[in-house]
Amino acid sequence: MNNTRKAFSLLGISESDQMEIYQILASILHLSNVEIKDQSADRSSISPDDVHLMVFCELMGVPCEEMAHWLCHRTLKTTTETYVKSFSKVNAVNGRDALAKHIYAKLFSLIVGSINNALKSAAKQHSFIGVLDIYGFETFDVNSFEQFCINYANEKLQQQFNLHVFKLEQEEYMKEEISWTLIDFYDNQPCIDLIEAKLGVLDLLDEECKMPKGSDDTWAQKLYNTLLKQNVHFDKPRLSNRAFIIHHFADKVEYQCEGFLEKNKDTVNEEQINVLKNSQFDLLLKLFEEDEKAKGSTKKRTGVTGRAGPSQKDNKKTVGLQFRQSLRLLMDTLNATSPHYVRCIKPNDDKSPFTLDPMRAVQQLRACGVLETIRISAAGFPSRWTYQEFFRRYRVLMKQKDVLNDRKQTCKNLLEKLVKDQDKYQFGKNKIFFRAGQVAYLEKLRSDKLRMACVSIQKTIRCWLARKKYLRMKASAVTIQRYVRGHQARCFVQGLRRTRAAIVIQRNVRMWVNRRHYQQQRLAAITIQCFLRAYMARKQYYKLMFEQKAVVIQKWVKGWLARQHYKRTMAAIVLLQSCVRRIQAKKEFKKLKVEARSVEHFKKLNFGMENKIMQLQHKINDQQKGNKELRERLSVVEKTQSVERERQSREIENLRSSEQKVRAKAEKLPSLLEQLSFLQHELENTRREKEDLEEQTKVYKEQTQQVVEELNMKNSLLNSEKDELNTLFVEQTQKLTEIKTNVENTKQMEKDFTEERSRYQGLLSEHLHLEERHRDLKEKMDLSIQSSSKPGHKRTDSNYSSNSSEFSHSLASTEGEDSSTQKEDETQATVDLPVLLKLQRRVKELEQEKQSLWQQLDKREEAKQEKAKEVEEQRTVGRTELDLETLKRQELESDNKRLKQDLNELRKSLTNENSDLMPPDPGTRPYEVLMEQLTSSNDELEMRKEEVLLLRSHMVRQEALKHKDSPLGESVKLGLSEIPSFQDIDRSLDIHTLNEDGELWLAYEGLKETNMFLESQMQEQERVHSEKCQSLLEDVNKLKDEKEQQQKLLAQSLLLPEDARIDASLKHEIIRLTNDNLENMDRQEKQDKTIRKLKKQLKFYMKKVGDIEANTQQMIDASAMNAPMRAVNITRKEKEYQGMLKYTEGEENRLLKNLVLDLKPRGVAVSLIPGLPAYIIFMCLRYADNVNNDRRVSNLLNSTISSIKGVIKRRGGDFEVVSFWLANSCRLLHCLKQYSGDEVFMTHNTVKQNEQCLSNFELSEYQQVFGDLAIQIYCQLIKSMENVMQPLIVASMLEHETIQGVLGSKPTGLRKRSTSFPEEEAVTVEVLLQRLGVFHTTMSQHGMDPDLIKQVVKQQFYIICAVTLNHLLLRKDMCSWSKGLQIRYNIWQLEEWLAERDLADCGAKETLEPLVQAAQLLQIKKKTEADAQAICSMCTALTTAQILKVLTLYTPVIEFEERVPTAFITTIKNILKDRGESATLMMDGKKIFSVTLPFTPSTVALETIQVPASLNLSFLTRI
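Basis of the calculations
- Residues numbered from 1 in each chain as written.
- Predicted model: local features only at pLDDT ≥ 70, side-chain atom pairs only at ≥ 80, totals over all residues.
- Heavy atoms only, no water.
- Patch = residues over 30% accessible without salt bridge, like charges linked within 9 Å, V, L, I, M, F, W, Y side chains within 5 Å.
- Areas by Shrake-Rupley, 256 points an atom, 1.4 Å probe, with all protein chains shown as cover.
- Salt bridge = Lys/Arg side-chain N within 4 Å of Asp/Glu carboxyl O.
- Helix = DSSP H or I, 4+ residues; strand = E, 2+ residues; numbered from the N terminus.
- Buried < 20%, exposed > 50% of the residue type's maximum accessible area, 1.4 Å probe, protein only.
- Contact = heavy atoms within 4.5 Å.
- Pairing = 2+ DSSP bridges.
- Phe/Tyr/Trp six-rings, centres within 6.5 Å; stacked < 30°, edge-to-face > 60°.
- Lys NZ or Arg CZ within 6 Å of the ring centre and 35° of its normal.
- pLDDT = per-residue confidence, 0-100.
- Polar contact = N/O pair within 3.5 Å; in protein donor to acceptor, adjacent residues only side chain to side chain.
- Axes fitted to C-alpha atoms, helices over the stretch in contact; angles between N-to-C directions.

1. Let's talk about a nonpolar patch on the surface
Argument step 1. A contiguous nonpolar surface patch, about 360 Å² in accessible area, is contributed by Leu25, Tyr104, Phe108 and Val112.
Argument step 2. When residues in the nonpolar patch are grouped by element, the largest group, three residues, is from helix α5 (residues 89–119).
Argument step 3. Position of Leu25 relative to the elements: it lies in helix α2 (residues 15–32).

So this is what it looks like as structure tokens:
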């Protein structure tokens, strides 16, 4: 802005004129922002409060009402009257823009005139130098009138450029009279004639503008009729009637006709100009003076002639005419001057530095005609010299004798000598013309000649320089020798003097050394005596201290024993008191229970306690989780303690050995004391050295001051660098803001992508629905045609069932569909309407019968499957019980054998007289303990015997049940009455069979328990002792280390100044803390290692238990088979399979019938690997791809798609079937992607899988088809799931009351609603969760992708939320505080279900947010305005209508609650009135979220897949 003002001032424009110019520019900008409103089709208006119009009128000095009126109206003049007509909104906007452009054009002309006047000189102008910046050729996606005018100017300027450049080039050749052939160049005169000639584009445009009802469409039709067949440069687009194409010299451009007429007219309303002329603004009046002068001149001319001329409107020139005239004047100016051209090439369209777009550059060169100029230059003589210039340049190549007085002849002789080919040059009158490359050759000869001359000059100069250098070196050597000899003589004399002085110094130094040595020996003897006497005194002192500490320890031990006895007595007293108080508390509790049953007490207790119930429930759950975790930790701690005990027992022995080592080290203490005295002596020496170091520190300080000054200089430099870094930081923050905007744009794009995906899936579902409808209609037409061909025949149910099976078979083959469509086309014309209606009714009845039959058949099959499943479960349960009981019996028998062995050993030890372990005497305490343990062990033995007998009898019964159904079971008939009871068995015989001597065995058990008790006590004492010893040893080691470190630190600190001492102490403390941290880290690592070791052991034991169970199962199976011969295992050699299944052509229908149509998902999901049908189909597809048969591939894939669609259509209500085929469709889609050969998917494969990719066909289109099929099956899955869940949701989420005592009774005055289930079969949340668990396990068993399962769960929870909230909004009896509590408890159970199955991140919790907020709305306080604000901020997921409906329906259940006041509801409504949202009350229960199918590669190797015999696919062979 400042530069503009300076430029204006420099050109002589005053400050006041500049402000007036800026005022007009500001008014133009405000005029463009004036908003015009549409009242009707032909009327428009401007608001009187429009700020921009008011500012415009104020700046221009015109009345606002008058300008607003004439912006929307205009006058129509006839011979007799004048009418005022209103504008439409489009015309008014065009008039407003035309007025703004008109004012801007006037202002621009005024500024240009003032600049020209300022630059105009007083002298007469004979010539000038002008710079013309020509238009660039423009072509956009949408080209209009502006681009047309620019490209028209380019055509004219390009024509002038061609004529000037090419003519000048060839005229020079002709003037010089050299042999030359003229070259033709492109002439664009036909294209210019198309635009500006008579009946051209501009002529037709001006003619259409003069028409009263002219439009862009009529002008386009005139162009087509006039120019389309007459001119080659004019063309019409294929798909548009409102555009035309012109072939310019650079490229063809398509122009849109819309707006051409309006832009060409550029009409300005006279009334608007008159309003501006009445302004008080001087500069504005000055702008329109020229118009008034022009009008005055025209009036005078008409007055002189006396003829009524045309109106001013007719005399006004169009924009196209003005542009053509100004372009003609420009061409005349260019033709009258000598132009020089500078072609600027734009390197790229992005305006990025150091980047060249070759295609774009070539396009510009071709458009500017530069390539044509280069072609002419290459064909001619691009280099030229005058004879004088050539002689002056290449005089070096001539000899003196070759130089003649005639320069032209001299040049000819030189060229004939140097260039043998005479075609490479031409001699003109005044110039020599060279072809490309000859001047470079001549320059090379000239440079070689000059180089040889330079070499000879350098040779001479280097010789002179070398001789001069030699003479200077010789004189220097003589001078140096003279000075060196004098220096050597002086050094010899100085050496003699130093030797004499050294002898004197040595004599004095030796005397001083001997004296010092004597003084040191004397001081050392005195020091040793001192330390020895101190050592003897300390020894005596330590002995006294040791005795005193022993007395203190005894005192504390005796006190501890007394306190322990006191604590035991106190504990007994407290126990007695607690028993007494418990009895009193029970009595008080009974009284309180009686009082609690009263109504008033119940009201007091329940009032205000409801809000804490949910909190207590959550606390209980948290405590249960904590208890569970503590139990697990306790078990882990117990295991670790058992391991620690063993480890500590081993460490005790190590500590004992370490004690002996410590004692041995204590004996070495006197020698250490002697070393200490020696060290102190050295300490005194270091003190003396310290004084020397202090002197050195003074020097060091002076040096450090210099270093500090240097550091200050560096600090200033760093500050400057800091400022630069701050600027960089600001730039980086700007870049970060740009990145954030990019991230927001990507998020918006992702949102648009999800919306587009949901739209596509909606269209896909509609398309599939229409396809099903089309098939149904086709089936009806086939049935009607068949019935019309046999009029007397009535179809029975059996016939229809056979036909339906034929129809299902035809779904799998595409040929049947083609034949049916042909029959439909042939016979469609012969069907009558009444017959068709009757047939449709009959078809509907037959379809209903068919559906009922299918349902009955499905029920029977399900019943059979359930019975078979129950029988199998009973068999498996019996087998597992038998296995467990056999294991238990074996363990008990092994325990008995072990106890027998222990008893025998005990008997031997007791009978041995020489043994040290003698039995205790009767009447002593150990004897009584032994007797009690013997009695307890005797009871345990009796229980063991009973368990063994019961297990044996139960095993016999289970064996009988096991062989009951087998052929051997007929002979085995054993009832419960035949099994002998436990009371009838002789116990003495059993005891005798278990062990030979029961009393000794019992005695041994008691003795073993006492030994175990004593061992545990001993281990506890050893553990405590070892811990104490270990802690003491650690303390001793730590003290030793600290002592050594303190000594080192003391020695170092004495040598340092005070500041350095503080730093050293800080460093020492930091080192100590780091060592402590390292020790803690080592401990943690050890604990982690032990945890990992225990985990490995646990896994090993679990694996071992699994192997034992498998071995026992194999043993039971082997024992069940009574084979007469010994089983021999025959091992088969493994083959290397390629992962393909071979099948003959035409077996696709048989394959899909067995694999798709007749397959039961339940058996496959339980017994086979997930996705087996998809793998089998893909292996067959791999075989078809391997044999390179495209017909097989297409038949197999099309038949698979039609078969799956048929199964979904026939059994779409069965969730298990739909889930099974959804999982298999997704797996087949993933296999097509995984083995497609794309690099994106090959990265997830193994080397073997990459080798098995499809090699001959590219099936990306089928990937899209299978993706659409998966989406269709997903929608059907949601529908079937919704049908199952719909009756359960309301009954479980709303009607069922889990906590009867808290929720109270229903509100009075409301009728009792009938539930969807009887009272004895009440549906609880557990039933709903069980159903959800069944859905989840079914999908997991079928091998569905985890991401897809999460999307299904999210849809399930949305359905639960929508149905529950809709019923809550329709039922008044459900809107209460207690029901909100119940809903929140149910939602909590749903969230716990998600957490148990690791589905918390699937987005299902977010779908429940409206229901959570509705429950909170029922429980929150609803009285004050603050409560209203809290409700509005809380209920963000609910609409305004839903919030008001819940508050209106709120009904108190107990007498302490109150209804919501109407004033409170009004307050809520006023607060929420500005919320922009839909006014719908109900949630859309049929909404289905858009589904995504992420790619999940398979880890299953195709070569390992085997086809089970149960699928009846024996015709397939593995390759």
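Let us keep going from here.
2. Concerning the side chain of Gln1351
Argument step 1. By the element assignment, Gln1351 lies in helix α41 (residues 1346–1370).
Argument step 2. The exposure class of Gln1351 is buried, given its relative accessible area of 16%.
Argument step 3. Discounting chain neighbours no more than four positions away, the residues touching Gln1351 are Tyr1274, Ser1490, Val1491, Thr1492 and Pro1494.

3. Quick word on the sheet that holds strand β7 (residues 252–256)
Argument step 1. One open sheet holds the three strands; their spatial order is β5-β6-β7, and the pairing between them is antiparallel. Two strands bound the open sheet, and with one partner strand each, they are β5 (234–235) and β7.

4. Concerning the packing of aromatic side chains
Argument step 1. Evaluated as defined, the whole model comprises 23 aromatic pairs.
Argument step 2. Seen in terms of ring centroids, Phe1178 and Tyr1235 are 5.1 Å apart; in terms of plane orientation they differ by 40°. Their pairing is tilted. Residue Phe1178 is found in helix α33 (residues 1172–1186), and its partner Tyr1235 is found in the loop between α35 (1215–1234) and α36 (1239–1242); the two are separated by 57 residues along the sequence. An identical accessibility class is assigned to Phe1178 and Tyr1235; each is buried.
Argument step 3. Note on Tyr1358 and Phe1489: the rings are 5.1 Å apart at their centroids and 70° apart in plane angle, and the pair reads as edge-to-face. In this pair, Tyr1358 is assigned in helix α41 and Phe1489 in the loop between α47 (1462–1471) and β12 (1517–1518), connecting sequence segments 131 residues apart.
Argument step 4. Each member of the aromatic cluster is reached from another via a ring pair, and the members are Phe145, Phe148, Trp219, Phe234, Phe244, Tyr255 and Phe260.
Argument step 5. Across from the ring centre of Tyr224, 5.4 Å away, lies the NZ or CZ of Lys236, which sits over that ring.

5. Side note on the confidence of the model for the protein chain
Argument step 1. When pLDDT is averaged across the protein chain, the result is 76; 75% of the residues are at 70 or more.
Argument step 2. Confidence drops under a pLDDT of 50 for residues 788–833, and excluding neighbours within four residues, the segment shows 36 contacts in the predicted structure.
Argument step 3. Low pLDDT, under 50, characterises residues 960–999; the stretch is placed with 38 contacts to residues that sit more than four places away or in other chains.

6. Some thoughts on unusual backbone geometry
Argument step 1. Of note in the backbone geometry, Glu177 takes a positive phi value of approximately 60° without being a glycine.
Argument step 2. With respect to the element layout, Glu177 can be found in the loop between α6 (145–176) and α7 (189–196).

7. A short note on the environment of Glu1148
Argument step 1. Here Glu1148 lies in helix α31 (residues 1148–1157).
Argument step 2. Residues Glu1148 and Ile1177, spaced 29 residues apart in sequence, show a C-alpha to C-alpha distance of 9.8 Å.
Argument step 3. Discounting chain neighbours no more than four positions away, the residues touching Glu1148 are Tyr1143, Arg1192, Asn1195 and Leu1196.
Argument step 4. Looking at Glu1148, its side chain comes within polar contact range of the main-chain nitrogen of Gly1146, at 3.2 Å.

8. Overview of the sheet that holds strand β10 (residues 431–434)
Argument step 1. Taken in spatial order, the three strands line up as β8-β10-β9 in an open sheet, and their pairing is antiparallel. Two strands in the sheet have a free side with no partner beyond their single neighbour: β8 (383–386) and β9 (425–427). Across the sheet, the mean angle from the axis of one strand to that of its neighbour is 20°, orientation sign disregarded.
Argument step 2. Strand direction decides the pairing type here: β8 and β10, joined by four bridges, are antiparallel. Bridge pairing in β10 links Arg384 to Phe433.
Argument step 3. Here α6 sits on the sheet in contact with β8 and β10, set at roughly 125° to β10.

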